[in-house]
Amino acid sequence: MCVNCGCSGDNQTTITNMENEHHHTHTLADGTVITHSHHHEETTQIHAQIHNTTISLEQEILGKNNLLAAQNRGWFKGRNILALNLMSSPGAGKTTLLTRTINDLKNTLTISVIEGDQETTNDAEKIKSTGCQVVQINTGTGCHLDASMIEKGLQELNPPLNSVVMIENVGNLVCPALFDLGEAAKVVILSVTEGEDKPIKYPYMFRSSDIMILTKIDLLPYINFDVQRCVEYAKQVNPKIQVFQVSATTGEGLEDWYGWLSQEEVI
């Protein structure tokens with residue numbers, strides 16, 4: 001159970017290797033059953049117990065995740081693999097940017113993908129159409145990927161040495177930022193159709209990210225979006241964040257994103 005968002009941890013996470021379309025089902029919960037009551041008792045003692053239990057459970061969950069994330073990070077380092085965690089709200093353009101990046105760089109970078117969604121393999125099919133190796137992770141009622149899912153996904157993906165693994169997280173601007181996957185960098189993707197105030201409305205996401213990619217800039221002439229203010233908000237919560245402004249449709253600004261990838265790429 002994710003105590004940060006309330007998503008269920010007793011669902012079954014499905015991992016699909018898009019190469020052979022063979023399905024594996026893994027139950028990721030540790031068997032712990034937590035029962036919540038909804039009585040309207042307002043005593044200080046009960047509130048204190050709930051508060052302390054929540055903090056303890058959160059620390060336990062994140063602690064276990066961080067240990068697995070450290071193992072994933074060592075696994076990537078030992079194989080000279082650059083892993084990036086791509087995060088955004090639904091519809092920000094993660095998959096479109098990812099497919100464009102793969103197609104444009106396929107002759108210079110070996111890229112494989114772990115695709116995260118609650119249901120369907122729709123985005124994984126789009127990634128597969130580029131010729132890229134991809135594994136789909138369906139989280140069911142879960143709203144984010146975690147280090148355990150990535151560990152199992154990597155067993156299916158088996159990415160080559162000296163390559164790049166793009167992890168496309170479940171669309172959500174809250175919980176994905178809380179869970180370390182073992183990635184080298186977090187990349188938050190924000191579209192100009194979402195409003196320039198997202199960095200200050202969801203500060204933890206932007207504070208924890210190394211890169212912000214502002215997408216769909218080809219739509220700027222048709223919408224009311226203040227780019228300068230959005231960037232200022234992002235810098236306000238994270239002065240070190242690096243910002244790229246791109247259009248995956250027209251290709252505008254992609255050279256800067258590709259240049260960063262080439263610098264960070266570990267080969």
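Going by the structure above, here's the rest.
Residues numbered from 1 in each chain as written. Predicted model: local features only at pLDDT ≥ 70, side-chain atom pairs only at ≥ 80, totals over all residues. Heavy atoms only, no water.

### Some thoughts on the environment of D180
Piece 1. With respect to the helices, strands and loops of the structure, D180 is situated in the loop between β6 (164-168) and β7 (185-191).
Piece 2. Classification of D180 by relative accessible area gives buried; the value is 17%.
Piece 3. With near-sequence residues (within four places) excluded, D180 lies in contact with N65, N66, A69, R73, A147 and K186.
Piece 4. Looking at D180, its side chain comes within polar contact range of the side chain of R73, at 2.8 Å. (Helix = DSSP H or I, 4+ residues; strand = E, 2+ residues; numbered from the N terminus. Buried < 20%, exposed > 50% of the residue type's maximum accessible area, 1.4 Å probe, protein only. Contact = heavy atoms within 4.5 Å. Polar contact = N/O pair within 3.5 Å; in protein donor to acceptor, adjacent residues only side chain to side chain.)

### Some remarks on the packing of aromatic side chains
Piece 1. In this structure the tally under the stated criterion is three aromatic pairs.
Piece 2. An angle of 85° between the planes, with centres 5.8 Å apart, marks the rings of W75 and F76 as edge-to-face.
Piece 3. According to the relative accessible area criterion, W75 is partly exposed, its value standing at 23%.
Piece 4. Measuring from centroid to centroid gives 5.8 Å for W257 and W260, while their planes differ by 10°, and the two rings are stacked. Of the two residues, W257 and W260 both sit in helix α8 (residues 254-264), three residues apart, roughly one turn of that helix. Here W257 matches W260 in class, with each residue buried.
Piece 5. The rings of F244, W257 and W260 are connected pair by pair, giving a single aromatic cluster. (Phe/Tyr/Trp six-rings, centres within 6.5 Å; stacked < 30°, edge-to-face > 60°.)

### Quick look at α8
Piece 1. Burial in α8 covers these residues: L254, W257, Y258, W260 and L261. Viewed end-on, α8 has its buried residues packed into an arc of 155°, placing them on one side of the element. In this structure, α8 carries E255, S262 and Q263 as exposed residues pointing more than 90 degrees from its buried face.
Piece 2. Elements that come into contact with the buried residues of α8 comprise β3 (82-88), α2 (94-105), β6, β7, β8 (211-215) and β9 (242-245). (Arc of directions from axis to C-beta.)

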